[in-house]
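# Architecture at a glance
Given next are the chains, with one letter for each unit.
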Amino acid sequence: MDCFQTSLSNSWIYPTILLCLFGFFSMMRPSEPFLIPYLSGPSKNLTSSEITNEVLPVWTYSYLALLLPVFVLTDYVRYKPVIVLQGVSFVTTWLLLLFGQGVKVMQVVEFVFGMVSATEVAYYAYIYSVVSPEHYQKVSGYCRSVTLVAYTAASVLAQLLVSLANVSYFYLNVISLVSVSIALSVSLFLPMPKKSMFFHAKPSKEALEKTSGQDAVLEGAHEDHKALHQELVTIPGYRESSQQSKLEPGNAVLRNLMQWFQDLKECYSSKRLFYWSLWWALSTAGFNQILNYVQILWDDKAPFQDSSIYNGAVEAIATFGGAVASFAVGYVHVDWDLLGELALAVFSVVNAGALFLMHYTLSIWLCYAGYLVFKSSYMLLITIAIFQIAINLSMERYALVFGINTFLALVIQTVMTVIVVDQRGLNLPVRIQFLVYGSYFAVIAGVFLVRGVYVLCAARWQKEAQRTATAQSPAGPHSEESGHTLSTKL
């Protein structure tokens, strides 16, 4: 029996099942689509101004402050302790939501939930320390899909309970507390990894056969679009170094930091990666800001006390629509090197238009529709961006780029929060906030429209120069190869 348990623990199936269970129950939170009605209702009795300007901004500040330390700590302690910490943070959040009162306690709730967001990296990084490389794609697909299914199911359940059974928001939070408590219990049984990406890396047979500077292409990415969908929040890979374990802890940390800096410098020297990362950071900042305050806008358009609320249904449809759009892009064959920036500009225009619609309309249904378009469009493009960034990077470098892009997005979001939302800034009403956010995405569209037109013009000039060179020189194939090489560096 002991041999069977040991064999099960050492296989990829056992940790995958536990991790998927943790992901499912941690995302099965039916109270989330109705958070603002709960806070503004008789249970907590907070005003819209208190929620918008004093409570919600704390999450942004907390997430920013905790992200980088947690990112490093996650690898250093080998993932499992951080997953357990996330489970504890989940339970603490919902205990405070259920039994806490007042603005100060709700600010503590937002701070603790910032810890939840910062520790999410451990969930996706854990699998790469306990699963062999041939199972990476399959397991990351399971882990990503189960969270989408759980979030959609929670939104549908919440809507059914509110609309058909007239269940109070308090009991939605009780269900969420039970679910995250199960997730915490599951996390305790996860096997402790023996290695990590950087600080506890171990040499492998595969790594010794490769040169240290080689960037691995994501295997089978074009054949199986699941890789696109799975990479949205994944931090894959680990660094293989036979010498690292021999270093003193302080020297190992310093060496890793210097290696990270060098890797990032080389990654962002690629114009293609730089512009996709720029869009990622800018758009993710805006997307997170919309998610944080959209329920406040819905309450402004149709006060929750005076009308039926369909927040759960809208969130479920938006998540499902975004997942379908992300999957469908795998069947669209586009030269992203040539048309990528132009596509980013076009869809940023769509996002800006959706946000302007949400600002100007008086109809809650049009406001809902604008949100559906906005979220689906963002999920589609972030899938493409993840793929374009990851496809030519090693696992370690992708992890670093992901972390830095997320950090930059949080910096931008924090600046927006301080200026637009915070009571120490402009303290704008929520309707005007969405006008600002629409203008923000319009500026993003303008930047990438200029870049996209430049890339198209440069490609045309290269073709004309190539034709001229081919006509004047017998070395046609060599010229064609040079022209192709230049076009990939635009």
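Everything numeric here is computed off the predicted structure, so don't read it as measured data.

## Brief notes about the overall build of the protein chain
Along the protein chain, the regular secondary structure elements total 20 helices and zero strands. When contacts within the protein chain are restricted to residue pairs at least 6 apart in sequence, long-range pairs at least 24 apart make up 85% of them. Summing over all exposed atoms, the protein chain offers an accessible surface of approximately 22,000 Å²; the carbon and sulfur share of this is 66%.

## Section: the environment of isoleucine 51
Turning to its location among the elements, isoleucine 51 is positioned in helix H4 (residues 48-55). We classify isoleucine 51 as buried; its relative accessible area is 0%. Measuring from C-alpha to C-alpha, the distance between isoleucine 51 and glutamine 107 comes to 9.3 Å, with 56 residues separating the pair along the chain. If sequence neighbours within four positions are ignored, isoleucine 51 has contacts with Ile36, Leu39, Ser40, Leu46, Leu56, Pro57 and Ile296.

## Observations regarding unusual backbone geometry
A positive phi angle, near 60°, is found at asparagine 45, a position not held by glycine. Along the polypeptide, asparagine 45 turns up in the loop between helix H3 (35-40) and H4. Unusually for a residue other than glycine, asparagine 166 sits at a positive phi of about 55°. Along the polypeptide, asparagine 166 turns up in the loop between helix H9 (136-163) and helix H10 (169-187).

## Comments concerning the packing of aromatic side chains
Considering all chains together, one arrives at 20 aromatic pairs under this definition. A centroid spacing of 6.4 Å and a plane angle of 40° characterise the contact between phenylalanine 90 and tryptophan 94, whose relative ring orientation is tilted. With a gap of four residues between them, phenylalanine 90 and tryptophan 94 both fall in helix H6 (residues 80-99), about one helical turn apart. Look at tryptophan 94 and phenylalanine 113: their rings are 6.2 Å apart centre to centre, the planes differ by 70°, and that puts the pair in the edge-to-face class.

## Some words on the state of the cysteines
Here is the idea: a disulfide is a covalent bond, and it sits between the sulfur atoms of two cysteines. Under the defined criterion, the tally for this structure stands at zero disulfides. Free of any disulfide, cysteine 143 has its nearest cysteine sulfur in cysteine 20, 4.2 Å distant.

## Let's talk about the packing of H4 against helix H7 (residues 103-118)
Orientation of H4 relative to H7, taken along the N-to-C sense of each, is 45°, at an axis distance of 10 Å. Classified by the angle their axes make, H4 and H7 are oblique. Crossing hand, H4 versus H7: right-handed. The residues of H7 that touch H4, namely those facing Glu50, Glu54 and Val55, are Val103, Met106, Gln107 and Glu110. Of the residues contributing to the contact of H4 with H7, the split by class is three nonpolar, one polar and three charged.

## Some points on the side chain of glutamine 388
Among the structural elements, glutamine 388 can be located in helix H17 (residues 364-390). Reaching out from glutamine 388, the side chain makes a polar contact with the side chain of arginine 272 at a distance of 2.6 Å. Excluding its chain neighbours within four sequence positions, the residues that come into contact with glutamine 388 are Arg272, Trp276, Trp336 and Asp337.

## Brief notes about the nonpolar core
Within the largest apolar cluster, 121 residues are counted, with the highest numbers of intra-cluster contacts made by Trp279, Trp298, Phe434 and Tyr437. No other element matches H17, which puts 15 residues into this core. Apart from the residues lying within four places of it in its own chain, the contact partners of tyrosine 437 are Gln289, Ile290, Tyr293, Leu355, Met416, Val420 and Val421.

## With respect to the pattern of salt bridges
Enumeration according to the criterion identifies six salt bridges in this entry. Linking arginine 424 and aspartate 422 is a salt bridge whose minimum nitrogen-to-oxygen distance equals 2.9 Å. Looking at arginine 424, the relative accessible area reads 71%, which means it is exposed. Aspartate 422 gets classed as buried once you look at its relative accessible area, which sits at 3%.

## Details of helix H15 (residues 311-328)
Because the α-helix completes a turn every 3.6 residues, residues three or four places apart line up on one side. Across its 18 residues, H15 extends 26 Å between first and last C-alpha, which sits within 8% of the 26 Å expected from 1.5 Å per residue. Residues of H15 that are buried include every one of Asn311, Gly312, Val314, Glu315, Ala316, Ala318, Thr319, Gly322, Ala323 and Ser326, and no others.

## Section: the packing of helix H5 (residues 57-76) against helix H18 (residues 395-421)
Running from N to C, H5 and H18 cross one another at 155°; their axes reach a closest spacing of 9 Å. The angle between H5 and H18 falls in the class roughly antiparallel. Of the two elements, H5 crosses H18, and the hand of that crossing is left-handed. Here Pro57, Trp59, Thr60, Tyr61, Tyr63, Leu64, Leu67, Leu68 and Phe71 of H5 lie close against H18, whose contacting residues are Ala399, Leu400, Gly403, Thr406, Phe407, Leu410, Val411, Gln413, Thr414, Thr417, Val418 and Val421. Residue composition of the contact of H5 with H18, by class: 15 nonpolar, six polar and no charged.

## Observations concerning a nonpolar patch on the surface
Taken together, Val411, Val415, Val418, Ile419 and Leu426 make up a surface patch of nonpolar side chains, about 390 Å² in accessible area. Along the chain, isoleucine 419 falls in helix H18.

## A look at the confidence of the model for the protein chain
Residues at a pLDDT of 70 or more form 82% of the protein chain, whose mean pLDDT is 82. The model gives residues 203-247 a pLDDT under 50, and that stretch makes 102 contacts with residues more than four places away or in other chains. Within the model, pLDDT remains below 50 along residues 476-489, and this stretch shows nine contacts once partners closer than five positions in the same chain are excluded.

## Focus on the side chain of serine 117
Relative to the helices and strands, serine 117 resides in helix H7. If we ignore the near neighbours within four places in the chain, the residues touching serine 117 are Trp59 and Tyr63.

Criteria and thresholds
Residues numbered from 1 in each chain as written. Predicted model: local features only at pLDDT ≥ 70, side-chain atom pairs only at ≥ 80, totals over all residues. Heavy atoms only, no water. Helix = DSSP H or I, 4+ residues; strand = E, 2+ residues; numbered from the N terminus. Contact = heavy atoms within 4.5 Å. Areas by Shrake-Rupley, 256 points an atom, 1.4 Å probe, with all protein chains shown as cover. Buried < 20%, exposed > 50% of the residue type's maximum accessible area, 1.4 Å probe, protein only. Phe/Tyr/Trp six-rings, centres within 6.5 Å; stacked < 30°, edge-to-face > 60°. Disulfide = S-S within 2.5 Å. Axes fitted to C-alpha atoms, helices over the stretch in contact; angles between N-to-C directions. Parallel < 35°, antiparallel > 145°, perpendicular 65-115°, else oblique. Left-handed = near helix turned anticlockwise from the far one by under 90°. Nonpolar A, V, L, I, M, F, W, Y, C, P; charged D, E, K, R; others polar. Polar contact = N/O pair within 3.5 Å; in protein donor to acceptor, adjacent residues only side chain to side chain. Core = buried A, V, L, I, M, F, W, Y, C linked by side-chain atoms within 4.5 Å. Salt bridge = Lys/Arg side-chain N within 4 Å of Asp/Glu carboxyl O. Expected span 1.5 Å × (residues − 1). Patch = residues over 30% accessible without salt bridge, like charges linked within 9 Å, V, L, I, M, F, W, Y side chains within 5 Å. pLDDT = per-residue confidence, 0-100.

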